[in-house]
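# A closer look at the structure
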Amino acid sequence: MDPLISRRALNRATLDRQLLLRRTGRSVIEVVEHLGGLQAQTPHTWYTGLWTRIEGFAAADAADLLASRALVRIALQRSTIHLVSARDCLAMRPLLQQVTERGTRTTFGKRLAGVDLDELEAVGRALLEERPMTFAELGRALTERWPGHDPHALGQGVRWLVPLVQVPPRGLWGRSGPVAHTSAESWLGFEQAPMTPAELVRRYLAAFGPASVQDVQTWSGLTRLAEVVEPLDLLRFRDESGRTLYDLPDAVRPDPDVPAPPRLMYDFDNLFLSHADRSRVISETGLAAFQGFMGTNVMPRVILVDGVTAGDWTITRVKGASTLGLHLWEPVKNLDAVEEEGRRLLAFLAPGDAHEISVSDGPSRS
């Protein structure tokens, strides 16, 4: 029988691989690649995800890489926008293309009836490589070739068929810009061999393991991965529910009693989105609190205490003063440590403001 691994041991292993037990001295590129990318459909909140993990992180450390094209934002896992390195963008997108295809066919397939997809790909690519466009601009341009068709559907068809990166200044720290796209190939200007399914699984386990086949599928959006995972040279465990979990033979699995410092996580952090069973980091109280955010199109920015969900945080800025709200979902023993981490976060997010911290019971939304 496979050895049992406790929920707390899973928690500590995952936190260690997510660089949340201690901040790392690795470079931004190394961290982004180790994590398999950061979910980044919001233009700026993912910077906090890097600050949480990298010692001495400054926003310019990532913004400069985005401006220089060493980092890009592109639809990958789960067909959501992720921040990845240039080489991972080109390596991962062919493998994850089917995820975007599946979603696009389901939502827009009928509205694309009668459109030659090869021609749509060619025309859309040419338009976007001539100059970056928003989807609204692209859709209007495509209706000149396909009058009477839904411009939004046409634009989403190109998003499926052509790997599209969002171009700066969108995503640069402290700046704004249109959600404009061009092709990844033209933006980056080099070629990269596609990643294999086995390579993707190993990358996932290095950042999120030990994990089940269903966990890998939840993170990636791919299906039928059992046939990829099971032949690999991996260790096998069983969790407290009897599920089979896989892990890399040389991966570190820390002692379950190693301390886990408080961490203030950004919304859409993949720590909370990348397992079918999220109980390794989300408590029962936390799961109930998450329900209050459902349907609001808002994800909580979670407070981790002892490695599990303990609350959410908000920030309010008024006339040169920034207040960090700590909304506690359950009692917290080491509140002083949470507040200390909060003061560090305020210094990162609002360095020129006066800083205040407020503490309240219950989620910020219910």
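Scroll up to find the structure this text is about.
Here we come to the pairing of strand 11 (residues 321-328). Burial runs high along strand 11: 6 of the 8 residues are buried. Pairing of strand 10 (residues 308-318) with strand 11, which is carried by 8 bridges, proceeds in the antiparallel orientation. Of the residues in strand 11, the one forming a bridge with Asp312 is His327. With antiparallel pairing between neighbouring strands as the criterion, strand 10 and strand 11 make up a hairpin whose turn holds 2 residues, including Lys319 at a positive phi of roughly 50°. Pairing of strand 11 with strand 12 (residues 354-361) involves 8 bridges; the strand directions are parallel.

Here we take up the nonpolar core. Ranked by internal contacts, the top residues of the largest apolar core, which has 38 residues, are Val72, Ile74, Cys89, Val165 and Leu200. Counting residues per element, the ones that place at least two in this core are strand 2 (71-75), helix 5 (86-108), helix 9 (184-188), helix 10 (197-208), helix 11 (213-220) and helix 12 (226-229). Element by element, the count of residues in this core is highest for helix 5, at 8 residues. The next biggest cluster of nonpolar side chains, apart from the first, holds 37 residues, and it includes Leu50, Leu71, Leu326 and Leu346.

For helix 4 (residues 59-67), the set of buried residues is Ala59, Ala62, Ala63 and Leu66. Seen end-on, helix 4 carries its buried residues on one side only, within an arc spanning 100°. Contact partners of the buried residues in helix 4: helix 2 (28-34), helix 3 (46-53), strand 2, strand 3 (81-85) and helix 14 (335-349). Following helix 4 by one or two positions, Arg69 adopts a phi angle in the positive range, close to 80°.

Turning to the sheet that holds strand 2, a few remarks are in order. One open sheet accounts for 5 strands, arranged 1-3-2-4-5; its pairing is antiparallel. Edge strands, defined here as strands with exactly one partner in the open sheet, are strand 1 (38-39) and strand 5 (181-183). The pairing of strand 2 with strand 4 (residues 164-166) spans 2 bridges and is classified as antiparallel. In the strand pairing of strand 4, Ile74 is matched with Val165. Those strands touched by helix 4 are strand 2 and strand 3, and its axis lies near 75° from that of strand 2.

So, on to the sheet that holds strand 8 (residues 263-264). Taken together, the 5 strands give an open sheet; going across it, the order is 8-9-10-11-12, and neighbouring strands pair in mixed fashion. The open sheet has two edge strands, strand 8 and strand 12, and neither has a second partner.

Taken as a whole, this structure holds 10 aromatic pairs when the rule is applied. For the pair Trp51 and Phe348, a centre-to-centre distance of 5.9 Å together with 20° between the ring planes defines the contact as stacked. Taken together, the residues span a long stretch of sequence, with Trp51 in helix 3 and Phe348 in helix 14 at a distance of 297 residues. Under the relative-accessibility criterion, Phe348 is labelled buried at 12%. Over the ring of Trp51 we find Arg23, and its NZ or CZ is 4.5 Å from the ring centre. A cation sits over an aromatic face here: Arg69 above Trp187, 3.4 Å from the ring centre.

This part covers helix 7 (residues 135-142). Three or more residues of helix 7 are buried, namely Leu138, Gly139, Ala141 and Leu142. Each buried residue of helix 7 lies within a common arc of 165° when the element is viewed along its axis, so the set occupies one face. For helix 7, the elements touching its buried residues are helix 6 (117-130) and helix 8 (151-161).

Relative to the assigned elements, Gly103 resides in helix 5. Between the C-alpha atom of Gly103 and that of Arg78, which follows or precedes it by 25 residues, the distance is 9.1 Å.

Structurally, Glu330 can be placed in the loop between strand 11 and helix 14. Between the C-alpha atoms of Glu330 and Gly311, which are 19 residues apart in sequence, the distance is 7.1 Å. With sequence-adjacent residues up to four places away left out, Glu330 is seen in contact with Ser283, Thr285, Thr309 and Ala310. A polar contact is formed between the side chain of Glu330 and the side chain of Ser283, at a distance of 3.4 Å.

Attention shifts here to the pattern of salt bridges. Going through the model one piece at a time under the given rule, you end up with 27 salt bridges. One salt bridge in this structure joins Arg125 and Glu129, with 3.4 Å as the shortest N-O distance. Of this pair, Arg125 and Glu129 both sit in helix 6, 4 residues apart, which is roughly one turn of that helix. Asp277 is the salt-bridge partner of Arg243, the closest N and O atoms lying 3.8 Å from each other. Taken together, the residues Arg243 in the loop between strand 6 (235-238) and strand 7 (244-247) and Asp277 in the loop between strand 8 and helix 13 (284-291) connect sequence positions 34 residues apart. Assessed through its relative accessible area of 22%, Arg243 is described here as partly exposed. The structure contains a network of salt bridges with shared partners spanning Arg23, Arg263, Glu340, Glu341 and Arg344.

Geometrically, the link from Pro168 to Pro169 is a cis peptide bond, its omega value of 15° lying close to zero. Within the fold, Pro169 resides in the loop between strand 4 and strand 5. Look at Leu19: it is not a glycine, yet its phi comes out positive at around 65°.

Inspection of the secondary structure assignment puts Glu33 in helix 2. Within the structure, the side chain of Glu33 is placed 2.6 Å from the side chain of Ser85, a separation counted as a polar contact. With residues near it in sequence (within four places) discarded, Glu33 still touches Ser85, Arg87, Asp88 and Arg203.

Quick notes on the rules
Residue positions within a chain follow its written sequence, with the count starting from 1. Restriction of local features to residues with pLDDT of at least 70 applies here, the model being predicted, together with a cutoff of 80 or more for giving and counting side-chain atom pairs; totals for whole chains, interfaces and linings are based on all residues. Calculated side-chain values reflect all of the structure's heavy atoms, with hydrogen atoms and water omitted. The classification of residues rests on relative accessible area computed with a 1.4 Å probe and restricted to protein chains. Under 20% of the type maximum is buried, over 50% is exposed, and intermediate values are partly exposed. Each helix is a run of H or I in the DSSP string that is no shorter than four residues. Each strand is a run of E no shorter than two, and both are numbered from the N terminus. Strands are labelled as partners when DSSP assigns at least two bridges between them. Only buried Ala, Val, Leu, Ile, Met, Phe, Trp, Tyr and Cys residues count toward a nonpolar core, and they belong to the same one when joined by side-chain atoms within 4.5 Å. Directions are taken from the helix axis to each C-beta atom, and the arc is the one they span. In this description, contact between two residues means that some pair of their heavy atoms is separated by no more than 4.5 Å. With axes taken as lines fitted to C-alpha atoms, and helix axes fitted only over the stretch in contact, angles between N-to-C directions fall between 0 and 180 degrees. Note on ring pairs: Phe, Tyr and Trp rings are taken, using the six-membered ring of Trp, and paired if centres are within 6.5 Å. Classes follow the plane angle, with under 30 degrees stacked, over 60 edge-to-face and the rest tilted. Whether a charge sits over a ring depends on NZ of Lys or CZ of Arg being within 6 Å of the ring centre and within 35 degrees of the ring normal. Each polar contact in these results corresponds to two N or O atoms within 3.5 Å; when the atoms are within protein, one needs to be able to donate a hydrogen and the other to accept it, and residues that are neighboring in sequence are counted only if both atoms are side-chain atoms. One speaks of a salt bridge when a side-chain nitrogen belonging to Lys or Arg is within 4 Å of a carboxyl oxygen belonging to Asp or Glu.

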